[in-house]
Amino acid sequence: MKALILVGGFGTRLRPLTLSVPKPLVDFANKPMILHQIEALKAIGVSEVVLAINYQPEIMLNFLKDFESKLGIKITCSQETEPLGTAGPLALARDKLLDDSGEPFFVLNSDVISEYPLKEMIEFHKAHGGEASIMVTKVDEPSKYGVVIMEESTGRVEKFVEKPKLFVGNKINAGIYLLNPSVLDRIQLRPTSIEKEVFPKIAAENQLYAMVLPGFWMDIGQPRDYITGLRLYLDSTRKKSSEKLATGPHIIGNVLVHETAKIGEGCLIGPDVAIGPGCVVESGVRLSRCTVMRGVRIKKHACISSSIIGWHSTVGQWARVENMTILGEDVHVGDEIYSNGGVVLPHKEIKSSIWKPEIVM
């Protein structure tokens, strides 16, 4: 089987992190976002992953070459010269996705984190015999999304309602699809939307079916959702493989600590924290609801909450970093500095406090 991952553009909503690496390579729970998906695909027998990309393919490919051999899966790129939306990339990668097997292929949106029940999805797809399957997830605020109207008993999709003003349902497209090769015949090589143009036509022919995603789902393409996604991911890890989470008197709730990270005396860490490889957390530090990426040093008695600390940054003694502060790569926050929602570009030194959310160039 094959899979296409829609990588797309610049990842502007996750700047300043995406100024250092393409968005799919930004770490989430101590590994690049896209690796969560590639590992899930590999686990159910996908042999080739195609990345649909229009930005920095060399960086992506160089990085993923390591994983090709480690995971034993073929990874190739299909590069757009102009943005082609969510369906155009399928037409562009047509020759890579088609083979003689006639097997369906997966399409995944690279921003989505979930439990990836791909094996169940294959069974669902074979059972209904339609042309395409999509995953849907239940959300609290469906008015922000496109809502999928479906027949409860069979999963057959009747129609889509874009950002409904009145309540019509709470199931939205989760960005995970399983498509028969014939779907490629419906897509032209031009900028086009799979959600607005392709799926409604398939649904009109009663060939589109939706499976409700068990477990959590989050689009982690922006900081607030990234932090929420980490909480949901760690919750799920607690249920499925709790041995991966840290334990000890200094840990509260779900915390992921890389084996090469060092943590000092008298710290209090958690809930919902990920600490990456090579990090040094000095004594008396307080961390909650945050991600600390590879090579970061957090000095004595600093306090960090609801924030993302980018690669190789340092946070000074007695500093307080909170309220969706995002430090890009190699940012140095001085001792006793306060950051309230500062978004700091790479390679900056912060010598005075950031009292209200702002971008620091």
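Residues numbered from 1 in each chain as written. Predicted model: local features only at pLDDT ≥ 70, side-chain atom pairs only at ≥ 80, totals over all residues. Heavy atoms only, no water.

1. Some points on the UniProt feature "domain: Mannose-1-phosphate guanyltransferase C-terminal" (unreviewed entry) in the chain
Put simply, the rule is: UniProt positions are given in the numbering used here, feature names are shortened, and annotations may be inferred rather than shown by experiment. Numbering of helices and strands starts at the N terminus; helices are DSSP runs of H or I of at least 4 residues and strands are runs of E of at least 2.
Those places that UniProt annotates as "domain: Mannose-1-phosphate guanyltransferase C-terminal" (unreviewed entry) correspond, in this numbering, to residues 251–360. When the span residues 251–360 is considered, its composition is 0% helix and 42% strand, and the gap between its end C-alpha atoms is 32 Å.

2. Regarding the nonpolar core
Short version of the rule: Working definition of a nonpolar core: buried Ala, Val, Leu, Ile, Met, Phe, Trp, Tyr and Cys residues. They are joined through side-chain atoms within 4.5 Å. Any residue under 20% of the maximum accessible area for its type is buried, any over 50% is exposed, and the rest in between are partly exposed; the area is computed with a 1.4 Å probe on protein chains only. Two residues qualify as a contact provided that any one of their heavy atoms is within 4.5 Å of a heavy atom in the partner residue.
Within the largest apolar cluster, 64 residues are counted, with the highest numbers of intra-cluster contacts made by Ile 5, Phe 28, Ile 34, Leu 41, Leu 51 and Phe 106. Setting aside residues no more than four positions away along its own chain, Ile 5 makes contact with Ile 34, Gln 37, Ile 38, Leu 41, Val 49, Val 50, Leu 51, Ala 52, Leu 108 and Ser 110. Membership of the second largest hydrophobic core comes to 30 residues, among which are Ala 246, Val 255, Val 285 and Cys 290.

3. A look at the side chain of Thr 325
Quick reminder of the rule: We define a polar contact as two N or O atoms separated by no more than 3.5 Å, with the added condition that, inside protein, one atom must be a possible hydrogen donor and the other a possible acceptor, whereas residues neighbouring each other in sequence contribute only through side-chain atom pairs.
Here Thr 325 is to be found in the loop between strand 23 (320–322) and strand 24 (326–327). Residue class for Thr 325 comes out buried when judged on its relative accessible area of 0%. Within polar-contact distance, the side chain of Thr 325 engages the backbone nitrogen of Gly 342 at 3.4 Å. Setting aside residues up to four positions removed in sequence, Thr 325 forms contacts with Ser 306, Ser 307, Ile 308, Ser 339, Asn 340, Gly 341 and Gly 342.

4. A word on helix 2 (residues 57–71)
Put simply, the test is: Here, expected helix span is obtained from the residue count minus one, scaled by 1.5 Å. The angle separating two fitted axes, one through the seven residues that finish at a residue and one through the seven that start at it, defines the bend at that residue.
The end-to-end C-alpha distance of helix 2, which contains 15 residues, comes to 20 Å, matching closely the 21 Å that a straight helix rising 1.5 Å per residue would cover. The principal kink in helix 2, of about 30 degrees, is found at Leu 64. Along helix 2, the residues classified as buried are Pro 57, Met 60, Leu 64, Phe 67 and Glu 68. Contact partners of the buried residues in helix 2: strand 1 (2–8), helix 1 (33–43), strand 4 (48–53) and strand 5 (74–79). Where helix 2 ends, the next residue or the one after it, Gly 72, has phi of about 65 degrees, a positive value.

5. Observations concerning unusual backbone geometry
Residue Gly 270 is joined to Pro 271 through a cis peptide bond whose omega torsion reads -5 degrees. Looking at where Pro 271 falls in the secondary structure, it is placed in the loop between strand 16 (268–269) and strand 17 (273–275). Notably, Tyr 116 is not glycine yet its phi reads approximately 45 degrees, a positive angle. Of note, Tyr 116 is situated in the loop between strand 7 (112–114) and helix 5 (118–128). Residues other than glycine seldom take positive phi values, yet Ser 306 does so here, at roughly 45 degrees. Here Ser 306 lies in strand 21 (residues 303–309).

6. Some words on the packing of aromatic side chains
Condition: Pairs were defined over the aromatic rings of Phe, Tyr and Trp, the Trp ring being its six-membered one, requiring ring centres within 6.5 Å. Orientation was assigned from the angle between planes: stacked under 30 degrees, edge-to-face over 60, tilted for the rest. For a lysine, the NZ atom is tested; for an arginine, the CZ atom; a charge sits over a ring if that atom is within 6 Å of the ring centre and within 35 degrees of the ring normal.
A complete count under the given rule lists 6 aromatic pairs for this structure. When the ring of Phe 63 is compared with that of Phe 67, the centres are 5.3 Å apart and the planes differ by 40 degrees; the resulting orientation is tilted. In this pair, Phe 63 and Phe 67 are both assigned in helix 2, 4 residues apart and thus about one turn of the helix distant. With a relative accessible area of 14%, Phe 67 lands in the buried category. Through pairs of rings, three or more aromatic residues link up here, namely Phe 28, Tyr 226 and Tyr 233. A cation sits over an aromatic face here: Lys 70 above Phe 67, 4.9 Å from the ring centre.

7. Some words on the sheet that holds strand 22 (residues 314–315)
Note the cut-off: Being paired, for any two strands, means DSSP has found at least two bridges between them.
The 6 strands lie next to each other as 15-18-20-22-25-28, forming an open sheet whose pairing is parallel. Looking at the sheet topology across the chains shown, the edges are occupied by strand 15 (262–263) and strand 28 (349–350). Bridge analysis of strand 15 against strand 18 (residues 280–281) gives 2 bridges, and the strand direction is parallel. When the sheet's bridge partners are listed, Ile 263 is paired in strand 18 with Val 281.

8. Digging into the pairing of strand 12 (residues 208–212)
With 4 of 5 residues buried, strand 12 is to be regarded as a mostly interior element. Direction of pairing for strand 8 (residues 132–138) relative to strand 12: parallel, over a ladder of 5 bridges. Residue pairing across strands places Met 135 opposite Met 211, the latter belonging to strand 12.

9. Some thoughts on the packing of helix 1 against helix 2
The line we're drawing: Note on definitions: angles span 0 to 180 degrees between N-to-C directions of axes, and those axes are lines fitted to C-alpha atoms, for helices only across the stretch in contact. Here is the rule for handedness: rotate from the far helix to the near one, and if that takes an anticlockwise turn smaller than a right angle the crossing is left-handed, while a clockwise turn gives right-handed. Lys, Arg, Asp and Glu make up the charged group, whereas Ala, Val, Leu, Ile, Met, Phe, Trp, Tyr, Cys and Pro make up the nonpolar group; the residues left over, Gly among them, are polar.
Two numbers describe how helix 1 lies on helix 2: the axes approach to 12 Å, and their chain directions differ by 35 degrees. Where helix 1 crosses over helix 2, the two elements pack in a sense that is right-handed. Seen from helix 1, the contacting residues are Ile 34, Leu 35, Ile 38, Glu 39 and Lys 42; seen from helix 2, they are Met 60, Leu 64, Phe 67 and Leu 71. Taken together, the residues of the contact of helix 1 with helix 2 break down into 7 nonpolar, no polar and 2 charged.

10. Details of helix 7 (residues 223–241)
Look at helix 7: 26 Å from first C-alpha to last across 19 residues, which is about the 27 Å you get at 1.5 Å a residue. Here helix 7 has its buried residues at Pro 223, Tyr 226, Ile 227, Gly 229, Leu 230, Leu 232, Tyr 233, Leu 234, Ser 236, Thr 237 and Ser 241.

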